[in-house]
Amino acid sequence: MEQIKTENEQKKEYLRGYRRHGRRIKLIEAEIDEIRSMKMYPTLNNDGMPHGTGQADLSGYAAELLEKENELYEEGVEQFKAHKDIMFKINQLENEDERDVLFYRYIRGKQFWEIANAMDYCESWIHKLHGRALKNLKIS
């Protein structure tokens, strides 16, 4: 049974888009590191003996690496677009505190207690500001 998302849940999902791209970028970078490290060390067959790699392996390695690097580039472009779009919408809010809360939460990835410390407010006030900011945010 599909659950209908509230307007605030939709806004939160939209705002989380920037950081989602960042996590995806880290994952792709880890995959690239894994591909490179597998190529740096000789492979072991079941006999436990190292075996050299042939030229065919090198072309496959290069193709796989290029594919991942292209994927990384595209994800970076999408993250940049998301950042620009989200910041534009956050900056449309009239209240500076509301803008700051959304920036710290969704761009910087801070916890509510960290935002409270940064803004010199109590955490309960940050939660109220966050709710008010979501209500006032226009994403359509």
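Residues numbered from 1 in each chain as written. Predicted model: local features only at pLDDT ≥ 70, side-chain atom pairs only at ≥ 80, totals over all residues. Heavy atoms only, no water.

Chemist: What is the right way to look at the nonpolar core in this model?
Modeler: Within soluble globular proteins, side chains that are nonpolar tend to cluster in buried spots. Core analysis: the biggest nonpolar cluster contains twelve residues, these being L15, Y18, I86, M87, I90, L93, L102, Y106, I107, A133, L134 and L137. Contributing elements (two or more residues each) for this core: α3 (55-91), α4 (96-107) and α6 (123-136). I107 has contacts with Y18, R19, H83, I86, M87, I90 and L102, leaving out every residue within four places of it along the chain. (Core = buried A, V, L, I, M, F, W, Y, C linked by side-chain atoms within 4.5 Å. Buried < 20%, exposed > 50% of the residue type's maximum accessible area, 1.4 Å probe, protein only. Helix = DSSP H or I, 4+ residues; strand = E, 2+ residues; numbered from the N terminus. Contact = heavy atoms within 4.5 Å.)

Chemist: For this particular structure, what's the right way to read the side chain of H130?
Modeler: Position of H130 among the secondary structure elements: in helix α6. Side chain to side chain, H130 and Y106 meet in a polar contact 2.7 Å long. Discounting residues that sit within four places of it in the chain, H130 has contacts with K12, V101, L102, R105, Y106 and F112. (Polar contact = N/O pair within 3.5 Å; in protein donor to acceptor, adjacent residues only side chain to side chain.)

Chemist: Teacher, can you tell me more about the environment of R20 here?
Modeler: Of note, R20 is situated in helix α2 (residues 17-40). For the pair R20 and Q79, spaced 59 residues apart in the sequence, the C-alpha separation amounts to 8.3 Å. A distance of 3.1 Å separates the side chain of R20 from the backbone oxygen of E13, its partner in a polar contact.

Chemist: Would you mind showing me how to read helix α5 (residues 112-119) here?
Modeler: Taken together, the buried positions of α5 are occupied by F112, I115, A116 and M119. Seen along its axis, α5 keeps its buried residues to an arc of 100°; they face one direction. Once α5 finishes, D120 follows within two positions and takes phi at roughly 60°, a positive value. (Arc of directions from axis to C-beta.)

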